[in-house]
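The lines below spell out each chain.
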Amino acid sequence: MARATEARLALPHRFTVPDIWMLADQFAEKRVEFLLNLAVRPDGSLALLDIGDLRIGQGPEWRHTWGWLSAEIDAGLAREAVRLAARIMRSDAVTDGLSRAVRSTVPAERMVAIAVVRRWSLTLQVMTWLEDALAADWADVRAADLACLAFASVKPEWPRRLMAVSHRSTEVKPVLRRMRLWKSGRCALDANYLPSWETNTGMIWSLFAATPALARVSSPTYADSPWCRRESELIDYLLNTADYLPGRLVIDTGLDALRALDDLADRWNPADEFGGTMPEFPPILTVWRPRPIPRNHLAVLRAGGALRAMSAFLRDPDLVNRLVPILVEQGTLPCTPPTNDPEGWASYARIFRDLASLAPQAALSLPPGYGPEQVERDVELCGGIPDLTAGTPALDDILVAMEFFRSVWPPLLDERYGRFLVVDLRGHTGESFAAAAERSLDRGMLAFRVPVPLWLLQNADQDASSWGLPGDPPILTEHVDSQFAWMVEAWPGQAETMARYPADSGLIASPALRQVLGAP
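Reading the values: rules and limits
- Residues numbered from 1 in each chain as written.
- Predicted model: local features only at pLDDT ≥ 70, side-chain atom pairs only at ≥ 80, totals over all residues.
- Heavy atoms only, no water.
- pLDDT = per-residue confidence, 0-100.
- Helix = DSSP H or I, 4+ residues; strand = E, 2+ residues; numbered from the N terminus.
- Salt bridge = Lys/Arg side-chain N within 4 Å of Asp/Glu carboxyl O.
- Buried < 20%, exposed > 50% of the residue type's maximum accessible area, 1.4 Å probe, protein only.

**Some details on the confidence of the model for the chain**
Where the model shows low pLDDT, its predicted coordinates should not be examined in detail.
At step 1: Here the chain shows a mean pLDDT of 91. Residues at 70 or above account for 98%.
At step 2: When the elements of the chain are averaged for pLDDT, helix H11 (residues 262-268) gives the smallest value, 78, and helix H7 (residues 143-152) the largest, 98.

In structure tokens:
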């Protein structure tokens, strides 16, 4: 294990740092970033890492980590997990490997090892706090809140915030919106916080985790909000019981004295008069928001996803093409279906029949030469399909999302339409969003393991967290006009996208189907 630890610390030096990173690697910062984001496949090989997927030091693997930290779990079990992780980190073999790396004759390797030792020391300090906090009695705070707060304090973060404001948004944001504090990059507010791969729980506690000053704004309905009660209870614990961040300041204020905090914004950045309309952070960011998709386009994407799922399951493209007409005719096949949807093969038969109903002889198939590399891409993509045994999420939505990310999303990335997704829930209730056929892609994205950060956008009165949506994606709530003016939406147009689909997907579309899509 000591040799494995030493070898792992040397891994970042097997890669050439991109030229664009050279100026930011003076203290091996980018090497450490590589180390924190490298993933090892089951066969021992390293998974490919696209530096474009790194968000303030966090890559796609962090999505799984935040998901685990945010999961509902008994506090006792979480405490045992923290203890086990700490024992591994402090084990003789691991510390021996770290010591060897620190004594390396290669300066860059020594620098990375020293950075890891410092990071682990801080992490163990936080884990000590977390172990005790998980044993405390709490009224509103959950184990996931404690875990996310603790580990958010040692995650890569920029810009470093100096103050976070715990407040009831409906009452306080209209006042904050007119303050200089609102635009300051040093103040942690959900309105100016840019999530990376965090869950919603992880995003909320990231505002407070490593922030040296916490302001708690009292207002008439502050205690009516579950999140405000959790924030207040945890702030009390940090103030009166234990805190991993020495010297943290807690400021209790009311709405009438809130504007006094504006003096802090001037002190943090005296050269900037905050005369502009845009905040210091985040910068203008291009995001992609799915629009309602017509039924015929959904039918095509769904059928494309079904072909990919069958390809991944059968690993024989020619056999897939031969089975589709049989499936359409008979409604089933004498073998296990690719997914555990309750309807089995009947769902796939219906999907291909829907495609055929678009026009006489409308069809989609895998092309000749659909080789092992393409099949492996299908296998990897299908790894993002969740459990479907309960009937929800719906297979129809999952296959639409899967084919979108297989065929439509890559060209959007190449054309710089953004690497962030926003599912816009405004104008919907939980029931209408679940029933809207044209929102199939949105629902599929929420349930599918998407390869990019995904956020929800809601109005203040929607309470999307109570809709029972899959996972725990960050929820951005619009309380005042232009709150998220830093988001710039990019959209190439649905008709244009589907006209390109046959070429982008690499699938064979029959002439009748190409005509439906408006493809050349």
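Moving on from the model shown.
**A closer look at the pattern of salt bridges**
At step 1: Inspection of every chain in the model, using the stated rule, returns 29 salt bridges.
At step 2: With a shortest N-O distance of 3.1 Å, Glu489 and Arg289 are connected by a salt bridge. Pair noted here: Glu489 is in strand E10 (residues 487-490) and Arg289 is in the loop between strand E5 (285-288) and helix H12 (295-314), with a separation of 200 residues, a long-range link.
At step 3: Among the salt bridges present, the one from Arg426 reaches Asp424, with a minimum N-O distance of 2.9 Å.
At step 4: Assessed through its relative accessible area of 6%, Asp424 is described here as buried.
At step 5: What you see here is one network of salt bridges that share partners, running through Arg289, Arg291, Asp424, Arg426, Glu478 and Glu489.

**Points about unusual backbone geometry**
At step 1: Of note, the bond from Trp158 into Pro159 is cis; its omega dihedral lies within 30 degrees of zero at -5°.
At step 2: Within the secondary structure layout, Pro159 lies in the loop between H7 and strand E1 (163-166).
At step 3: Put simply, Thr392 and Pro393 share a cis peptide bond, and its omega is 0°.
At step 4: Structurally, Pro393 is set in the loop between helix H15 (372-382) and helix H16 (395-414).
At step 5: Its identity as a non-glycine residue notwithstanding, Ala28 has a phi of 65°, on the positive side.
At step 6: A residue is classified by how much of its surface remains accessible, and Ala28, at 4% relative accessible area, is buried.
At step 7: Notably, Asp463 is not glycine yet its phi reads approximately 55°, a positive angle.
At step 8: Examined against the element boundaries, Asp463 turns out to sit in the loop between strand E8 (454-459) and strand E9 (475-478).

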